[in-house]
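Below are the chains, spelled out letter by letter.
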Amino acid sequence: MFSTYRPDDVTVLLKDVTGLVTPLGTLERERLIQSGAHYSEMLPVEYAPSEAYLRAYYDALERYGQITADAVARAAEWIWREKGRTGTLVSLARAGTPVGILLRRYLRWRYQADLPHYTISIIRDRGIDRNAMDYILARRRPGSIQFVDGWTGKGAIQRQLNAAMEDYPGVDPSLAVLSDPACVAGKYGTRDDFLIASSCLNSTISGLLSRTFLRTDIIGAQDFHGAVFYRELRDQDLTNSFIGAIERRFRVPAADCGEETEPWGAGLEEVREIGRAFGVDDIHLIKPSIGEATRVLLRRAPWKILVSDRTDQARLGHLFQLAREKGVPVEEYPLRRYRACGIIRKMADT
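For clarity, every value in this text was computed on a predicted model and none was experimentally measured.

### Thoughts on the overall build of the chain
Point 1. A count of helical and extended segments in the chain gives 9 helices and 14 strands.
Point 2. The C-alpha extent of the chain, read off along each of the three principal axes, is 50 × 50 × 40 Å.
Point 3. Taken over 350 residues, the chain has a buried fraction of 60%.
Point 4. The long-range share in the chain, meaning contacts at least 24 apart out of those at least 6 apart in sequence, stands at 79%.

### Focus on the sheet that holds strand 4 (residues 117–120)
Hydrogen bonds between backbone groups are what pair the strands of a sheet, and the pairing can be parallel or antiparallel.
Point 1. Taking strand neighbours across the sheet as the criterion, the 6 strands line up as 1-4-3-7-8-9 in an open arrangement whose pairing is parallel. Across the chains shown, the open sheet's two edge strands, defined by having one partner strand only, are strand 1 (11–12) and strand 9 (187–190).
Point 2. As defined by bridge partners, strand 8 (residues 175–179) adjoins strand 9 across 3 bridges and the pair is classed as parallel. What sits directly across from Ser-179, in strand 9, is Thr-190.
Point 3. Contacts between helix 2 (residues 51–83) and the sheet are confined to strand 3 (88–92), strand 7 (145–148), strand 8 and strand 9, with strand 9 contributing the most and set at about 155° to the helix.
Point 4. The sheet strands contacting helix 4 (residues 130–137) are strand 3, strand 4 and strand 7, and the helix crosses strand 4 at an angle near 165°.

### Examining the side chain of Thr-119
Point 1. In this structure, Thr-119 sits in strand 4.
Point 2. For Thr-119, a relative accessible area of 1% translates into the label buried.
Point 3. A polar side-chain atom of Thr-119 sits 2.8 Å from a polar atom in the side chain of Thr-97.

### Structural notes on the environment of Tyr-111
Point 1. Topologically, Tyr-111 is positioned in helix 3 (residues 96–111).
Point 2. Once the C-alpha coordinates of Tyr-111 and Glu-77 are considered, the two residues, 34 residues apart in sequence, prove to be 10.0 Å apart.
Point 3. Dropping the residues within four chain positions of it, Tyr-111 is found in contact with Glu-77, Trp-80 and Arg-85.

### Remarks on the nonpolar core
Point 1. In this structure, Tyr-57, Leu-103 and Phe-242 are the most contacted members of the largest nonpolar core, which totals 76 residues.
Point 2. Among the secondary structure elements, those contributing two or more residues to this core are helix 2, helix 3, strand 8, helix 6 (239–247), helix 8 (290–299), strand 12 (302–307) and helix 9 (313–326).
Point 3. Residue contributions to this core peak at 15 residues, all from helix 2.
Point 4. Residue contacts for Tyr-57: discarding those within four places in its chain leaves Ala-197, Cys-200, Leu-201, Ile-205, Leu-238 and Phe-242.

### A closer look at the pairing of strand 8
Point 1. Among the 5 residues in strand 8, 5 count as buried, and that is most of the element.
Point 2. Taken together, the 2 bridges between strand 7 and strand 8 define a ladder with parallel strand orientation. The residue of strand 8 that forms the bridge with Phe-147 is Leu-175.
Point 3. Handedness of the crossover is the feature at issue here: the chain leaves strand 7, passes through helix 5 (residues 156–164), returns alongside strand 8, and the resulting connection is right-handed.

### A short note on the pairing of strand 3
Regular strands have side chains that alternate between both faces of the sheet.
Point 1. Counting buried positions over the 5 residues of strand 3 gives 5, a clear majority of the element.
Point 2. On strand 3, burial covers both faces: Thr-88, Val-90 and Leu-92 on one face and Leu-89 and Ser-91 on the other are all buried.
Point 3. Here strand 3 pairs with strand 7 via 4 bridges, running parallel. Residue Val-90 lies in a different strand from strand 7, and its bridge partner there is Phe-147.
Point 4. In the classification by handedness, the crossover that spans strand 3, the intervening helix 3 and the parallel strand 4 is right-handed.

The rules behind the values
- Residues numbered from 1 in each chain as written.
- Predicted model: local features only at pLDDT ≥ 70, side-chain atom pairs only at ≥ 80, totals over all residues.
- Heavy atoms only, no water.
- Helix = DSSP H or I, 4+ residues; strand = E, 2+ residues; numbered from the N terminus.
- Buried < 20%, exposed > 50% of the residue type's maximum accessible area, 1.4 Å probe, protein only.
- Contact = heavy atoms within 4.5 Å.
- Pairing = 2+ DSSP bridges.
- Axes fitted to C-alpha atoms, helices over the stretch in contact; angles between N-to-C directions.
- Polar contact = N/O pair within 3.5 Å; in protein donor to acceptor, adjacent residues only side chain to side chain.
- Core = buried A, V, L, I, M, F, W, Y, C linked by side-chain atoms within 4.5 Å.
- Right-handed = clockwise from strand over helix to strand, strands pointing away.

Here it is, written out as structure tokens:
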């Protein structure tokens with residue numbers, strides 16, 4: 001198994017493509033994506049985070065570690081009520097993998113249950129890794145599967161899952177996430193858009209794995225989707241220290257999540273409103289939620305970052321730090337479901 005995850009935490013169903021993919025710089029990659037190339041056919045250059053940004057990460061972990069642990073507990077209890085000891089966790093690489101590990105560790109801590117945990121790839125507009133699904137379903141019942149991700153933005157991955165699972169009778173496509181501001185997940189820790197510290201970093205908090213990769217000259221018909229293992233960043237790896245920091249905060253939740261009060265997919269209309277307000281016709285360029293805005297700053301070509309409150313250093317300090325480092329303007333905007341939103345630059349305008 002390639003990654004810095006512990007083998008007893010997760011089975012990684014990905015092909016090691018280390019050394020087979022030439023990473024591209026941000027602007028080159030963005031131009032290709034906006035010219036019609038698919039994002040899964042290339043990988044960005046990944047760097048060790050700056051000292052200033054690491055300080056922002058540790059600050060976020062301190063401020064939001066307990067909120068994260070409590071969201072893990074609520075989502076895990078929900079999974080336990082529905083799936084019980086026979087459940088199977090299937091996290092979506094890469095942001096879902098640490099969350100799947102935390103859910104598994106909570107259920108072991110609380111119920112002495114060792115649920116199998118696999119991590120697999122799903123790619124927007126390309127679908128789920130069918131070879132990985134076949135591998136899991138050869139070993140586990142369809143009804144046992146619980147898909148896991150970190151948070152929701154617009155809900156694109158949930159919609160992709162819904163479509164993909166039409167080919168897998170008996171498999172529930174609904175996600176379990178920690179933060180669901182888009183109002184699309186079947187199980188969630190909270191609907192609040194809060195900062196999950198793992199979203200602050202790239203591979204150095206995700207087992208030193210890249211985002212998933214799919215290109216036919218490298219990924220064969222019988223292969224799992226691919227990922228690169230960044231061994232050269234081993235000295236900067238925070239994966240297991242992050243997981244441990246959240247695990248140490250586990251406690252039994254005082255109450256379940258509240259009753260459903262928002263319509264399914266409520267976040268998408270807000271995204272469309274943002275598009276109209278800023279003249280952005282392609283909603284793929286609009287990335288709502290703290291987690292998605294962070295991703296825009298880490299690996300896309302940002303135009304601007306919208307925040308609900310420019311003075312909110314506690315929740316958004318890491319975004320302000322990243323924006324300063326990259327020279328990206330931060331603008332206050334009356335967001336409702338989200339605390340932050342990233343807007344990607346139209347490359348035709350550069």
